[in-house]
Amino acid sequence: MDFDTQVKLAIYRHFAETGQRPSPGDVAELVGSDADSVLGVYPRLRAQRVLALEADGSSIRMAPPFSGVPTQHVVSASGIKYFANCAWDSLGVIAALQSQGEVHSHCAQSGEPFHLKVSLEGPEPSTWLFHCLVPAAKWWDDIVFT
Amino acid sequence: MAHGTPLRPLVTIDQLWKLAMTWYSTRLQADSRRPQPDEMRAIFAGLGLEGDFWDPKSDRFG
């Protein structure tokens, strides 16, 4: 397995196992390397659109579907609390984990609380709708806004 | 309008689940990757999500 893939997997598995973003040092320890080498991989993972960084260039803002910072989209699974980047990604966390879980959020327009149980077969019946604000061609122009 | 922005297409929870599974169900595996633009078009069309809004044609990184 090439080094870029090792770094990507280390990031994603850290999120999956802890619900938290790893630091470059955490990733380096997981892959048996150093933080500078790990940071050298980040731009390529960004180009693949599997990583978004904070302005400091080293802190992970997103490893979609996981969020590196608290958001309104909270997922509980296997006793771990995760933050997702949007409603789509909140279901994506459960899809990535291949585990049942619960999504807690609220309507961005009305503020009404949203709670959804999701099994391995999919979510329970729900009449809620997802409002996608940004056209697909523009999603990664500003993925945090999207 | 929603928060001063135009109302865009709406996606049902079932459609959203299928998108989530397509995008992320293999994300913890070594060979996982984000769908390419042509794949995205087919995925969206298969869920009835069509039109310019769902077209990733200018997706430069995809």
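This section reports on the structure supplied with the text.

Definitions and cut-offs
Residue numbers run consecutively from 1 along every chain, following the written order of its sequence. Each chain takes a letter, starting from A, and each ligand takes a number, starting from 1, following the order in which they are written. Where totals are concerned, whole chains, interfaces and linings use all residues; where local detail is concerned, this predicted model gives features only for residues with pLDDT of at least 70, and gives and counts side-chain atom pairs only at 80 or more. The side-chain quantities take in all heavy atoms of the structure and omit both hydrogens and water. Comment: elements are numbered from the N terminus, with helices defined as DSSP H or I runs of at least four residues and strands as E runs of at least two. Throughout, the radius of gyration refers to the C-alpha atoms, and the reference size of a globule is 2.2 Å times the residue count to the power 0.38. Residues count as neighbours in contact if any of their non-hydrogen atoms are within 4.5 Å of one another. Two parts lose some accessible area (1.4 Å probe) when they are put together, and adding that loss for both gives the buried area. Each reported salt bridge corresponds to a side-chain nitrogen of Lys or Arg within 4 Å of a carboxyl oxygen of Asp or Glu. We define a polar contact as two N or O atoms separated by no more than 3.5 Å, with the added condition that, inside protein, one atom must be a possible hydrogen donor and the other a possible acceptor, whereas residues neighbouring each other in sequence contribute only through side-chain atom pairs. Polar here means any residue outside two lists: the nonpolar Ala, Val, Leu, Ile, Met, Phe, Trp, Tyr, Cys and Pro, and the charged Asp, Glu, Lys and Arg; Gly therefore counts as polar. Strands qualify as paired when DSSP identifies two bridges or more between them. Axis geometry follows a simple rule: fit a line to the C-alpha atoms, using only the stretch in contact for helices, then measure angles between N-to-C directions, giving values from 0 to 180 degrees. Here the word oblique covers every angle except those under 35 degrees (roughly parallel), over 145 (roughly antiparallel) and from 65 to 115 (roughly perpendicular). Crossing handedness is defined as follows: a turn of the near helix away from the far one that is anticlockwise and smaller than a right angle gives a left-handed crossing, while the clockwise case is right-handed. Any two of the Phe, Tyr and Trp rings considered here, Trp counted by its six-membered ring, make a pair once their centres fall within 6.5 Å; the pair's planes then place it as stacked at under 30 degrees, edge-to-face at over 60, or tilted in between. Only protein chains enter the accessibility calculation, which uses a 1.4 Å probe; a residue whose area is less than 20% of its type maximum is buried, one above 50% is exposed, and one in between is partly exposed.

Comments concerning the overall build of chain A
Here is step 1: Across its full length, chain A holds four helices and nine strands.
Here is step 2: Along its sequence from the N terminus, chain A presents helices and strands in the succession α-α-α-β-β-β-β-β-α-β-β-β-β.
Here is step 3: Over its C-alpha atoms chain A spans a radius of gyration of 16 Å, differing by no more than 12% from the 15 Å that the globule rule assigns to 146 residues.
Here is step 4: For chain A, the spread of C-alpha atoms along the principal axes amounts to about 45 × 35 × 25 Å.

What about the interface of chain B and chain A?
How big an interface is tends to be reported as the loss of accessible area on association of its parts.
Here is step 1: Every contact between the two is made by 38 residues of chain B and, on the other side, 49 residues of chain A.
Here is step 2: In total, chain B and chain A occlude about 3,600 Å² of area from one another, counting both sides; carbon and sulfur atoms represent 65% of this.
Here is step 3: Among the residues chain B hides against chain A, the three largest losses belong to Trp17, Tyr24 and Leu28 of chain B. Together they make up 22% of the total.
Here is step 4: For the pair chain B and chain A, the interface holds zero salt bridges.
Here is step 5: Inspection of the region where chain B meets chain A yields five residue pairs in polar contact (both at pLDDT 80 or more).
Here is step 6: When residues of the side of chain B that touches chain A are traced back to their parent elements, those giving at least two are β1 (10-12), α1 (13-24) and α2 (37-46) of chain B.
Here is step 7: If you tally residues by element for the side of chain B that touches chain A, the top one is α1 of chain B, at eight residues.
Here is step 8: Per-class residue counts for the side of chain B that touches chain A are 23 nonpolar, eight polar and seven charged.
Here is step 9: Summarising the sheet, strand β9 (residues 129-131) of chain A and β1 of chain B pair through three bridges and their orientation is antiparallel.

So, the packing of α1 of chain B against α2 of chain B
Residues and elements named next belong to chain B.
Here is step 1: As a packed pair, α1 and α2 sit with axes 11 Å apart at the nearest point and diverge in direction by 155°. Taken together, the axes of α1 and α2 are roughly antiparallel relative to one another. Considering only the axes of α1 and α2, their crossing is right-handed. Contacts from Leu19, Thr22 and Trp23 of α1 reach α2 at Met40, Ile43 and Phe44.
Here is step 2: Along the lines of polarity and charge, the residues of the contact of α1 with α2 split into five nonpolar, one polar and no charged.

Focus on the packing of aromatic side chains
Here is step 1: Inspection of the entire model under this criterion finds eight aromatic pairs over all chains.
Here is step 2: Plain terms: the ring middles of Trp23 of chain B and Phe44 of chain B are 5.8 Å apart, the flat faces sit at 20° to each other, and that makes the pair stacked. Linking Trp23 of chain B in helix α1 with Phe44 of chain B in helix α2, this pair joins segments that are 21 residues apart in sequence.
Here is step 3: A relative accessible area of 0% means that Phe44 of chain B is categorised as buried.
Here is step 4: A network of ring pairs unites the aromatic residues Trp88 of chain A together with Trp23, Phe44, Phe53 and Trp54 of chain B as a single cluster.

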